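Chain residues, written in single-letter form:
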Amino acid sequence: MTCLQKQTQLTESQELQRKTTRQQTIQTNVKILGMEGDQDLHFLLKGGDLLKVRSPNWKKTRYFKLQDDCKTMWHESKKLFKSNQTFSLENISVVRVGRQTDGFRKSTEEQVEDRCFSITFKGRRKNLDLIASSDEEARQWVNSLQKLVSNLNNLSRQQKSEHWILSCLRKADKNKDDKLSQSEMKNFMRLINWELDDTYAEMLFQKCDKSKSGYLAGEEIGQFYDELTKREEIDVIYGAYAKTTGFMSPEDLVEFLMKEQREKATLADASNIIKNYEPDEKVKEKKLLSKDGFLMYLHHPETMILNAEHKEVYQDMSQPLSHYFISSSHNTYLMKDQLKGPSSTEAYVRALLKGCRCVELDCWDGSDNEPVIYHGYTLTSQILFKDVIEAIKEYAFKASDYPVILSLENHCSVEQQQVMAHHMSSILGSALLTSPLGDVMPANFPSPEELKGKFLIKGKRLNKLEAIFSQAAAAEDTDVTEEEESGDEDEDEQKGKEKKKLKLAKELSDMVIYCKSVHFHGFEDARKNLSFYEMSSFKEGKAVKLAEESANDYIRHNAEKLSRIYPAGLRTDSSNYNPVPLWNAGCQMVALNFQTSCPDMDLNQGRFQVNGKSGYILKPSFMRDAGTEFDPITLTRGDWLQHQTLHIMIISAQQLPKVNNKKSSIVDPLVKVQMFGVPADCGEKETHHVPNNGFKPSWNETFQFDVYVPELALVRFVIEDHDSTSGNEFVGQYTLPFNSLKMGYRHVPLCDKNGNLLPSAGLFVHAMVLDAK
């Protein structure tokens, strides 16, 4: 018989004290969120019953309620020893109204549509499908969750940091008496990822325990917080420029901005910074900037390592489609591996919300004359083609307004191809491009700007596009050869074998306009015989070989035509390849498995996180010229050679996450700075590791990198937990284009392994880019 621990009975005064403490906690967090008196927040704090749906036979009522920290949702569980479950609102990707998930559609009937909503999480956590008791209550839950998630996402890093530290303090205060004993203080330090040696811990506690009571309370906890969050490196920087009675005047600030940050700044700019960031009204009245205001300014997203101007669409979007790198996904329907992993419309939603602009649909005949999508000849689950198109329609343009390319891997019969064409036409409507822009046969691609809000189909076509404008179109052949991706044989292995024939439905063929799939028979053949809209797909091995042996030919080819690269079929675990060498060869659609977290996906995210996260990045001018002499391997002289030197000082980090949830586990962080680009620019430097300090480790190490082709270079900052006995563990990373790097003292935000921002963690660096002599 299992012995359950008896709950301690609280006295009336203890219960009153606990309620008072809880209200104070809520008020503090509500104030940080700026949501005082908000009815939606009050609704979530009160909570309510929702029907949780897992399958047609598993639907159970659960009570959901927002915790006192105003960022964690709790719901009860009936499992033994698992009395509650929680999830952070910061991990929510999107709240979807209605029965939109695969699970919902299989498990419920249409009549409950308006009472349903789903919570989709970042990373691989399963959706939460929920049914409210009424349509109105469902709307209330959705609106309230969306508002709170938005508010949490819009907090500054400093606010997120304060919120997190306060939450850890509450967790450490085991008996909820608003006091910290020395043992509770040690527990708190472990929670924030910092193991203090006993001597320092004792000294810090005694310093803050002014009352000599043996615990910290009230202002003593405030002093303890100040001691913890004190950053000596900021003191030094601020002290060097605070020349006006210990504060920064507008003149001091202008000197800092111009000398250290290499920014053009006026006294008016400095006055605006003081107005916007100085928290002390008395100091603000004197038109001065305190150290707290200076730190708040350095923490603002606009002043971080990524050039704020590059966060918006800043590139010319009126050039032909072939002149852009295009964020592209392979096997988009998969949530995990490509042998037995689940297929899901959620995978499309996640890829599109990450700015992906080319998604793959692997189409096969299904039952009831309804085509399905899955990885053929494997145990991966199947989803309806129709459901995928509906999901794509809803989420295609939420992250970016620029065109989405549907790459069809077509294995269907003519009858089910006609069904595919019908679904795309009826669901996508006028957004589906079914004829070339203009009244005459185009000589080149339209631009992303001209194609805003449009869907383009990539696939086989029975005839040339010119036939649309021809009075007497040639007779059409209904047979085409299947896509290269349908098998894993190299072209050499296919020689002498009869190509597999596929009958193509005219209705589907006619939807292929600017992305007609054709086999590649060499650059000479492509130059002579292919029209601009005829494009080839290359397996990674073939593409890498061309990029290494015929880089200049590949770049010239890609200046006028599109190329799509896809992972080798042997990657059954849905692993990825390094996309950089293929971008260096001008390939536009370097398709990766978005469902797989890895350094290659980090590089993809880094490449496409600029230009408004539009999914389109304009290639350098020397890659848009069909007569270019540029070769990334040999690097002959040309405009692309702009030799620069990056001097980067890794100063410190703040509030790094634990790599596992053990209370005793403290990270020993080290930082790697990696450079990616043309072969001559690739390199890596590494700091020493700091033992037992993930809260505010410091390194103060300087590295130098020579960069010859800055327009193609990417910089990646990686923090790892040092382990001398086994491999280091990943802590966080951030990748950005070299030309988007801001100079001076900069905070670097950090992303987790799934590419999502870690709320309060960061790296602090000093960067300087100089022209090489």
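Because the structure is a prediction, the values reported are computed rather than measured.

**Q** Outline the overall build of the chain, supporting the account with residue identities and numerical values.
**A** A tally of helices and strands in the chain yields 23 helices and 30 strands. Relative to its 773 residues, the chain shows a buried fraction of 55%.

**Q** Give a description of the packing of aromatic side chains that names residues and reports values.
**A** Per the stated rule, a full pass over the model turns up 26 aromatic pairs. With a centroid separation of 5.6 Å and 50 degrees between ring planes, the pair formed by Tyr-238 and Phe-294 is classed as tilted. Residue Tyr-238 is located in helix α9 (residues 232–241), and its partner Phe-294 is located in helix α13 (residues 291–299); the two are separated by 56 residues in the primary sequence. Note on Phe-294: relative accessible area 0%, which makes it buried. Ring centres of Phe-256 and Phe-294 lie 5.1 Å apart, and the angle between their planes is 75 degrees; this geometry places the pair in the edge-to-face category. Here the residue Phe-256 occupies a position in helix α10 (residues 250–259), and Phe-294 occupies one in helix α13, the gap between them amounting to 38 residues. Aromatic ring contacts, followed pair by pair, group Tyr-238, Tyr-241, Phe-256 and Phe-294 into a single cluster. Its guanidinium or amino end placed over the ring of Phe-121, Arg-125 lies 4.6 Å from that ring's centre, counting from NZ or CZ.

**Q** Explain the environment of Lys-71 to me, using residue names and the numbers behind them.
**A** Among the secondary structure elements, Lys-71 is positioned in the loop between β2 (58–66) and β3 (72–76). As a C-alpha pair, Lys-71 and Ala-351 span 280 residues in sequence and 25 Å in three-dimensional space.

**Q** I'd like to hear about the pattern of salt bridges, residue by residue, with values.
**A** Inspection of the entire model under this criterion finds 25 salt bridges. The salt bridge involving Glu-281 is made with Lys-284; its shortest N-O contact spans 3.6 Å. Pair noted here: Glu-281 and Lys-284 are both in helix α12 (residues 281–285), with a separation of 3 residues, about one helical turn. For the salt bridge of Lys-452 with Glu-449, the shortest nitrogen-to-oxygen distance reads 3.3 Å. Shared partners join several salt bridges into a network, and the residues in it are Asp-38, Asp-40 and Lys-147.

**Q** Lay out the nonpolar core with the relevant residues and their values.
**A** Counting 110 residues, the largest nonpolar core has Leu-361, Leu-406 and Met-424 as the members making the most contacts within it. Mapping this core onto the domain boundaries places at least three of its residues in each of domain 4 (321–465 + 502–623) and domain 5 (644–771). Look past the residues within four positions of Met-424 in its chain and what remains in contact with it is Phe-385, Ile-389, Leu-406, Leu-408, Gly-429, Leu-432, Ile-457, Leu-508 and Met-511.

**Q** Please provide a residue-by-residue account of unusual backbone geometry, values included.
**A** A positive phi is found at Thr-245, a non-glycine position, where the angle reads about 50 degrees. Among the structural elements, Thr-245 can be located in the loop between α9 and α10.

**Q** Give me the lowdown on the sheet that holds strand β20 (residues 563–566), citing residues and values where you can.
**A** The strand order across the open sheet formed by 9 strands is β13-β12-β11-β14-β15-β18-β19-β20-β21, and the pairing between neighbours is mixed. Only two strands of the sheet have a single neighbouring strand rather than two, namely β13 (383–384) and β21 (589–590). Where helix α16 (residues 414–428) meets the sheet, it contacts β11 (358–364), β14 (404–410) and β15 (455–459), and its direction lies at approximately 165 degrees from that of β14.

**Q** Lay out the environment of Gly-586 in plain terms, naming residues and giving numbers.
**A** The topology assignment puts Gly-586 in the loop between α22 (580–584) and β21. Owing to a relative accessible area of 0%, Gly-586 belongs among the buried residues under this scheme. Placed 32 residues apart in sequence, Gly-586 and Tyr-554 show a C-alpha to C-alpha distance of 7.0 Å. When residues no more than four places from it in sequence are discounted, the contact partners of Gly-586 are Phe-325, Ile-555, Asn-558, Lys-619 and Met-623.

**Q** Which residues make up the side chain of Gln-261, and what values go with them?
**A** Mapped onto the elements, Gln-261 comes out in the loop between α10 and α11 (267–277). In contact with Gln-261, other than residues within four places in its own chain, are Phe-256, Leu-298, Met-743, Gly-744, Tyr-745 and Arg-746.

**Q** Could you give me a rundown of the UniProt feature "binding site: Ca(2+) 3" (unreviewed entry) in the chain, with the residues and numbers involved?
**A** Those places that UniProt annotates as "binding site: Ca(2+) 3" (unreviewed entry) correspond, in this numbering, to Asn-331, Glu-360, Asp-362 and Glu-409. For the residues just named, distributed over 79 residues, the greatest C-alpha separation is only 9.7 Å, placing them together at one site. Here Asp-362 lies in strand β11. Not counting chain neighbours up to four residues away, the residues in contact with Asp-362 comprise Tyr-333, Val-372, Ile-373, Tyr-374, His-375, Gly-376, Glu-409 and His-411. Polar contacts involving the side chain of Asp-362 include one to the side chain of Trp-364, which spans 3.3 Å.

**Q** Explain α9 to me, and be specific about the residues and the numbers.
**A** Listed as buried for α9 are Glu-233, Ile-234, Ile-237, Tyr-238 and Tyr-241. Across the axial projection of α9, the buried residues extend over an arc of 125 degrees, all falling on one side. Among the exposed residues of α9, those pointing more than 90 degrees away from its buried face are Glu-232 and Val-236. Elements in contact with the buried residues of α9: α10, α13, β23 (644–654), β29 (744–751) and β30 (757–771).

**Q** Lay out the side chain of Glu-534 in plain terms, naming residues and giving numbers.
**A** With respect to the helices and strands, the residue Glu-534 is situated in strand β19 (residues 534–539). A polar contact is formed between the side chain of Glu-534 and the side chain of Lys-464, at a distance of 3.0 Å. A polar contact is formed between the side chain of Glu-534 and the side chain of Lys-516, at a distance of 3.2 Å.

**Q** Lay out the pairing of strand β18 (residues 512–517) with the relevant residues and their values.
**A** Remark: a regular strand shows side chains that alternate across the two faces of the sheet. Counting buried positions over the 6 residues of β18 gives 6, a clear majority of the element. In terms of strand pairing, β15 meets β18 through 3 bridges, oriented parallel. Within β18, the position partnered with Ile-457 by the bridge is Val-512. Relative to β19, β18 runs parallel, the two being bridged by 2 bridges. Looking at the pairing, Lys-516 lines up with Glu-534 of β19.

**Q** An account of the state of the cysteines is requested, with residue identities and associated values reported.
**A** Counting across every chain of the model gives 0 disulfides. Not engaged in a disulfide, the cysteine Cys-598 finds its nearest cysteine sulfur in Cys-751; these two sulfurs lie 14 Å apart.

**Q** I'd love a proper account of the packing of α9 against α13, names of residues and values included.
**A** Two numbers describe how α9 lies on α13: the axes approach to 10 Å, and their chain directions differ by 110 degrees. Taken together, α9 and α13 sit at an angle that is classed as roughly perpendicular. Of α13, the residues touching α9 (which contributes Ile-234, Asp-235, Ile-237 and Tyr-238) are Lys-291, Phe-294, Leu-295 and Leu-298. The class makeup of the residues in the contact of α9 with α13 is 6 nonpolar, no polar and 2 charged.

**Q** Provide a residue-level description of the pairing of β14, including the pertinent values.
**A** Most of β14 is tucked away, with 7 of its 7 residues classed as buried. Summarising the sheet, β14 and β15 pair through 4 bridges and their orientation is parallel. From the neighbouring strand, Ser-407 faces β15, where its bridge partner is Lys-458.

Rules used in this analysis
- Residues numbered from 1 in each chain as written.
- Predicted model: local features only at pLDDT ≥ 70, side-chain atom pairs only at ≥ 80, totals over all residues.
- Heavy atoms only, no water.
- Helix = DSSP H or I, 4+ residues; strand = E, 2+ residues; numbered from the N terminus.
- Buried < 20%, exposed > 50% of the residue type's maximum accessible area, 1.4 Å probe, protein only.
- Phe/Tyr/Trp six-rings, centres within 6.5 Å; stacked < 30°, edge-to-face > 60°.
- Lys NZ or Arg CZ within 6 Å of the ring centre and 35° of its normal.
- Salt bridge = Lys/Arg side-chain N within 4 Å of Asp/Glu carboxyl O.
- Core = buried A, V, L, I, M, F, W, Y, C linked by side-chain atoms within 4.5 Å.
- Domains from an automatic or database assignment.
- Contact = heavy atoms within 4.5 Å.
- Pairing = 2+ DSSP bridges.
- Axes fitted to C-alpha atoms, helices over the stretch in contact; angles between N-to-C directions.
- UniProt positions renumbered as here; feature names shortened; annotations may be inferred.
- Polar contact = N/O pair within 3.5 Å; in protein donor to acceptor, adjacent residues only side chain to side chain.
- Arc of directions from axis to C-beta.
- Disulfide = S-S within 2.5 Å.
- Parallel < 35°, antiparallel > 145°, perpendicular 65-115°, else oblique.
- Nonpolar A, V, L, I, M, F, W, Y, C, P; charged D, E, K, R; others polar.

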